[in-house]
Amino acid sequence: LSVLYKQQEEGIRNDRDEIRLLINDIAHQMRTPLANMKLYLELLEMEDTTPQQQEYIKSIENSMDSLSFLTESFIKMSRIEGKIIQLKVLKQSLANTLKDAIEVTMEKAKLKNVSIEIDESTDYETLHDFQWMKEALVNVIENAIKYSEEGGVVKISIIENDMFAQIQIEDN
């Protein structure tokens, strides 16, 4: 029975590794066509286009951004699963991580004339990997900026609960 259990466990581990490698391979293969599509879209943006064509181009750009994000996420998850990337989880200030993420996104906010308001009344010490949490926050904040109207406001706050901290990011 013990031998059978070990064989099943090894089979499951091998299947998981094969799936991880497949996902990683597919994600890497998606990078080149996505880069080519982005290049062609940039060339299209340089052309004289009608407002309707500009709308189509913007829609394609948004879809490509989503595909690129998913592709990079697959690669990162594969690396985490394969233990290529090690998380450095430490108890640290969530507000400091959030402030660093906001700093990264400020230029995009300025270009779109979007202001970022942060409620600094709450800080919460929590276990998290600074770099990964910052990257996740940058992605969400950039999306909030991207989908805000020009002159809009992105509001950010940390809400402390008994069991966890919630980061609330609102756009208009």
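Residues numbered from 1 in each chain as written. Predicted model: local features only at pLDDT ≥ 70, side-chain atom pairs only at ≥ 80, totals over all residues. Heavy atoms only, no water.

Visitor: Could you give an account of the packing of helix α2 (residues 51-81) against helix α4 (residues 130-146), with specific residues and numbers?
Guide: Where α2 contacts α4, the two axes come as close as 14 Å, and the packing angle between them is 170°. The pairing of α2 with α4 is recorded here as roughly antiparallel in orientation. In this structure, α2 contributes N62, D65, F69, K76 and I80 to the contact, and α4 contributes W132, E135, N139 and K146. Class assignment of the residues belonging to the contact of α2 with α4 gives a composition of three nonpolar, two polar and four charged. (Axes fitted to C-alpha atoms, helices over the stretch in contact; angles between N-to-C directions. Helix = DSSP H or I, 4+ residues; strand = E, 2+ residues; numbered from the N terminus. Parallel < 35°, antiparallel > 145°, perpendicular 65-115°, else oblique. Contact = heavy atoms within 4.5 Å. Nonpolar A, V, L, I, M, F, W, Y, C, P; charged D, E, K, R; others polar.)

Visitor: Break down the packing of helix α1 (residues 2-46) against α2 for me, citing the residues and quoting the values.
Guide: Put simply, α1 and α2 touch, their axes get as near as 8 Å, and they point 155° apart. The angle between α1 and α2 falls in the class roughly antiparallel. Note that α1 runs across α2; the crossing there is left-handed. Classifying every residue of the contact of α1 with α2 by side-chain character gives 13 nonpolar, five polar and 10 charged. (Left-handed = near helix turned anticlockwise from the far one by under 90°.)

Visitor: Explain a negative patch on the surface to me, and be specific about the residues and the numbers.
Guide: The grouping of D123, E125, E160 and D162 at the surface amounts to a negative patch. Structurally, D162 can be placed in the loop between β4 (153-160) and β5 (165-170). Residue D162 is classed as exposed on the basis of its relative accessible area of 79%. (Patch = residues over 30% accessible without salt bridge, like charges linked within 9 Å, V, L, I, M, F, W, Y side chains within 5 Å. Areas by Shrake-Rupley, 256 points an atom, 1.4 Å probe, with all protein chains shown as cover. Salt bridge = Lys/Arg side-chain N within 4 Å of Asp/Glu carboxyl O. Lys, Arg positive; Asp, Glu negative; His and termini not counted. Charge placed at Lys NZ, Arg CZ, Asp CG, Glu CD. Buried < 20%, exposed > 50% of the residue type's maximum accessible area, 1.4 Å probe, protein only.)

Visitor: Break down the environment of M64 for me, citing the residues and quoting the values.
Guide: Tracing the sequence through the fold places M64 in helix α2. Residues M64 and L34, spaced 30 residues apart in sequence, show a C-alpha to C-alpha distance of 7.0 Å. When neighbours within four sequence positions are excluded, M64 is seen to be in contact with L34, M37, K38 and L41.

Visitor: Tell me about the environment of Q92, and name the residues and values.
Guide: Considering the arrangement of structural elements, one finds Q92 in strand β1 (residues 89-93). When its relative accessible area of 18% is taken as the criterion, Q92 is described as buried. A sequence separation of 33 residues divides Q92 from E125, and the C-alpha atoms of the two residues are 5.0 Å apart. When residues no more than four places from it in sequence are discounted, the contact partners of Q92 are Y124, E125, T126, H128, D129 and F130.

Visitor: So what about α2? Which residues, and what values?
Guide: Along its 31 residues, α2 runs 45 Å from first to last C-alpha, staying within 8% of the 45 Å computed at 1.5 Å per residue. Residues of α2 that are buried in the fold lie against α1 and α4. (Expected span 1.5 Å × (residues − 1).)

Visitor: Please give an account of the environment of W132 that cites residues and values.
Guide: Looking at the element boundaries, W132 is found in helix α4. The class for W132 is partly exposed, based on a relative accessible area of 24%. For the pair W132 and E107, spaced 25 residues apart in sequence, the C-alpha to C-alpha distance is 21 Å.

Visitor: Pulling in residues and values, what's your account of the pattern of salt bridges?
Guide: The full count for this structure, using the stated rule, is four salt bridges. The salt bridge partner of E61 is K58, with a shortest N-O separation of 3.8 Å. Residue E61 and its partner K58 are both found in helix α2; the two are separated by three residues, about one turn of the helix. What makes K58 partly exposed here is its relative accessible area of 43%.

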